[in-house]
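Observations on the model geometry
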Amino acid sequence: MWSQGEHAEYDDGRGGAQLAGMHPFCLIKANQSDEFFGIFFRSSNAQAPIISYMQDSHILSYVTTGGNLDINFFFRGSAKEVIAAYQQFIGLPQLPPFWALGWHAGSNAWDTLEDVKKVVDEYDQTGFPLETIWLDGNYMEGSADFTVNETAFPGLKGYTASLQAQGRKVVLKLYAGLANENDNKYVIASEGAQIMYNESTPFDAPTITNSTRFLDWFHEKARTVWEEGLFDLWDNVPYDGLWLDMNAPTISCDGGPPLCTAPTKERTVKHEPSRRKLGDDLDTSWYSTYGSEFMAENSTYYLPFIPQTANLDRWTITLNATHTNSSSGKTYLEYDVHSLFGHMQAKTTAEILNSNKSNNGDNPNADYRKLISSTSTFAGTGKYAQHHRAGQRRTWDHLRYSIAHVMNFNMFGMPFTGADVCATKRYVSNQTKEEQEEICARWYQLSTFYPLARTNRDKLDGGIDILPFTLPGEYESMAKYSIEDRYMYAQFVYECLFAASQSGQTCFDPLFYRSEEHTSELQSPI
C-alpha cells in the first residue's frame, strides 16, 4: 500500500496495483464463529499486508518500510459493529450536502464555457435530471490553481450564479501543486512553507504545469496561503464544492529533478529478489547516498525492500524531500509521510471552508455544507472529505469491480463515494460501439445505488459519447429511469449517511454484512 497517482487496474492478486489512497485496515472473519474483528496498521510508510491461506487457518503477515508500529485491534462482533468501532477511532464520516446525492456531470473535454452550456442545455431539452456540474482544470488560466481563463470561460462567475439560481451546483477542480510561473503570488507567499528538495532548495517538478511547487501541509503558513487562494477563487467563481485532484501527489516523472526519469514499470530480475526479502544482512548504505550525484545507482528502485512492483517514487516526489512541522520544528522525510499529502490537503481545505472566521474576514462558505472530494485519501480522510473513483476503463470487469470499490470505501469511513459512470475511457481502440453502449446502459443502472454518481469522460477517450441522452433506443430509457430512481432513494441514503456521521455506518453493503447465510461470499473474487 502506497499512494500513487496513476490510475491502476484493479488488483489481480499479484500486488503492485496501487491507487491514489492508502487504508491499512483489514476486516477478518473469525474461524470458529460468525463474528468479525478488525486490524488497523496506523502507519503512513509503504507497507504490504500479506494474507496466506492455509488448510486449517489463515495467516496475516505485515511488512513495512519503516515508521512506528501502531497496531490497533477491534474485537469482536458483526462486520458492521467492527467497522463502526473503526470509524469512531479514525474519525466519523463527514455528512455531505443533500444536493450531492443528485446527478453529477463533468469532463475535461469541456474546453470552453460554451461547451459547458451546451451540455446543460441538452440535459434540459431531453428532460434528464442534472444537479451538479464539475469543472476540470480547463477553467483555469494555464492550469494554475485559483485562476480563471477569461478567454475560454468569459462570464463564468455569472453563469455559475445562474445555475445556482436554478437550484444547481458547481464543483471546481484544484490541483495539488502551485504553478511556479508568472510570478505566482501564492508561490511567493508560501516561501518557507513548501516541500523542500534540500535545506535551501524547494522541490520543483513538472506536473500539469512545467514548474510546480508543493505546499508543506505540516507548516501553518501553508494553511494561510491555501486559505487566501480559496477565497480569491470564491470571489471569481462562487463554487459549491471542490475536487482536490492529483494529490497523491502526482508529478510527470519519477522522483523529480535532477534526473526526473520517465515513469516506467520495468522490472529488473537481478534486483527483484533483494527487494522482496527482509533480513539482518541487508545493506542500508543506499539511505545516506540517496539524492546524491550517483542517484541513478542508488535510487528508490534499489531499496532493500519495496512492497510493490514499481519504484516508490513512480510518478511522485523524491523520497528524500523534507517537510517541516512549524509547531514542533521537527523535520519529516517524504519517505515517511508521502501518503498523508492528500489527507492533509483535504483536512486543511475542510477546516478553512467550515470555519466561521478566517484570516481574510468573514467566511462566505461557512453557512452551508460543502462537497469536498479528494482523489488521494488516508485512514480518517472521511472526517473531512468525500471520494470518487476515476480512471476506470469501459469494461465489464471495471463495472463489476467498482462495486467492491464503493463497498471498501464505505468500510474505510467514506460512505459517500462512487465511481465514474460509464468509465472515463474505452478499454481498447477496437472496442465496438455496441459493446460500449451496453456497458454504459448497465453502468447507469448500477449507479442508481452509488451514493455518489457522475459521468466524467476523458477528452482522449476515443470511444462513444457517454452522456445519457446520447445512448440509443432502450439504453437511453434505461439511463433516464435509473437517474430518476436515484432521486426516489435519496432520502433513504441520506438517512444512512447521517447515521454514519453520528456513530459510524456503511451504506453500500455486501450481503454477508447483513446475514450469516452469505458468509460464503467472502470467497468471491470481489
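The text that follows walks through the structure, step by step, so that each part is easy to find.

A count of helices and strands for the chain gives 12 helices and 21 strands. The buried share of the chain, taken over its 526 residues, is 56%. Long-range pairs, those at least 24 residues apart, make up 73% of the contacts in the chain between residues at least 6 apart in sequence. Carbon and sulfur atoms provide 50% of the accessible area of the chain, an area that totals close to 22,700 Å².

Time to look at the sheet that holds strand E5 (residues 71-77). One open sheet accounts for three strands, arranged E1-E2-E5; its pairing is antiparallel. Each end of this open sheet is capped by a strand with a single partner; those strands are strand E1 (25-29) and E5. Averaged over all pairs of adjacent strands, the angle between strand axes in this sheet comes to 15°, irrespective of strand direction. Note: strand E2 (residues 36-41) against E5, five bridges, orientation antiparallel.

Moving on to a nonpolar patch on the surface. Nonpolar side chains collect at one region of the surface, where Leu 69, Ile 71, Phe 73 and Phe 75 lie side by side and expose about 440 Å² of accessible area between them. Judged by relative accessible area, which is 60%, Phe 75 ranks as exposed.

A separate point is the side chain of His 219. Tracing the sequence through the fold places His 219 in the loop between strand E10 (212-213) and helix H5 (220-236). In terms of polar contacts, His 219 uses its side chain to reach the backbone amide nitrogen of Lys 221, at 3.1 Å. Those residues in contact with His 219, other than ones at most four positions away along the chain, are Gly 192, Ala 193, Thr 324 and Ser 326.

A few words on the packing of helix H10 (residues 396-411) against helix H11 (residues 433-447). The interhelical angle for the contact between H10 and H11, taken along N-to-C directions, is 10°, at an axis separation of 10 Å. One element, H10, and the other, H11, form an angle in the roughly parallel class. Between H10, through Trp 396, His 398, Leu 399, Ser 402 and Ile 403, and H11, the contact on the second element is made entirely by Glu 435, Glu 438, Ile 439, Arg 442, Trp 443 and Leu 446. Here the contact of H10 with H11 is composed, by residue class, of six nonpolar, two polar and three charged.

Turning our attention to the packing of H11 against helix H12 (residues 473-503). Following both chains from N to C, one finds H11 and H12 inclined at 15°, their axes separated by 8 Å at the closest point. Put simply, H11 runs roughly parallel to H12. As for how H11 packs across H12, the hand of that crossing is left-handed. Here H11 contributes Glu 437, Glu 438, Ala 441, Arg 442, Tyr 444, Gln 445 and Ser 447 to the contact with H12, which in turn contributes Tyr 475, Met 478, Ala 479, Ser 482, Ile 483 and Arg 486.

Turning our attention to the state of the cysteines. One pass over the full model with this rule turns up two disulfides. Here Cys 422 is linked by a disulfide to Cys 440, with a sulfur-sulfur distance of 1.5 Å. Highlighted residues: Cys 422 in the loop between strand E19 (417-419) and strand E20 (425-426) and Cys 440 in helix H11, separated in sequence by 18 residues. By the burial criterion, Cys 422 is buried, and Cys 440 matches it. Paired by a disulfide, Cys 496 and Cys 507 hold their sulfur atoms 2.1 Å apart. Between Cys 496 and Cys 507, the disulfide has an S-S torsion of -100° and is therefore left-handed. Here the residue Cys 496 occupies a position in helix H12, and Cys 507 occupies one in the segment after H12, the gap between them amounting to 11 residues.

Now for the layout of surface pockets. Here the second largest pocket defines a volume of roughly 870 Å³. For the second largest pocket, the lining is made up of 32 residues, of which Arg 42, Phe 218, Leu 340, His 343 and Met 344 are closest to its centre. Counting only elements with at least two residues in the lining of the second largest pocket, the list comes to helix H1 (79-90), H5, helix H8 (334-337) and helix H9 (341-353). Top element by residues in the lining of the second largest pocket is H9. It accounts for five residues. A breakdown of the residues in the lining of the second largest pocket according to their chemical character gives 12 nonpolar, 12 polar and eight charged.

Procedures and definitions
Residues numbered from 1 in each chain as written. Predicted model: local features only at pLDDT ≥ 70, side-chain atom pairs only at ≥ 80, totals over all residues. Heavy atoms only, no water. Helix = DSSP H or I, 4+ residues; strand = E, 2+ residues; numbered from the N terminus. Buried < 20%, exposed > 50% of the residue type's maximum accessible area, 1.4 Å probe, protein only. Contact = heavy atoms within 4.5 Å. Areas by Shrake-Rupley, 256 points an atom, 1.4 Å probe, with all protein chains shown as cover. Pairing = 2+ DSSP bridges. Axes fitted to C-alpha atoms, helices over the stretch in contact; angles between N-to-C directions. Patch = residues over 30% accessible without salt bridge, like charges linked within 9 Å, V, L, I, M, F, W, Y side chains within 5 Å. Salt bridge = Lys/Arg side-chain N within 4 Å of Asp/Glu carboxyl O. Polar contact = N/O pair within 3.5 Å; in protein donor to acceptor, adjacent residues only side chain to side chain. Parallel < 35°, antiparallel > 145°, perpendicular 65-115°, else oblique. Nonpolar A, V, L, I, M, F, W, Y, C, P; charged D, E, K, R; others polar. Left-handed = near helix turned anticlockwise from the far one by under 90°. Disulfide = S-S within 2.5 Å. 1 Å grid on protein atoms, 1.4 Å probe; cavity = no way out; pocket = protein on both sides within 12 Å on 5 of 7 lines; lining within 4 Å. Points joined across faces, edges and corners; volume = space filled by probe spheres on them.

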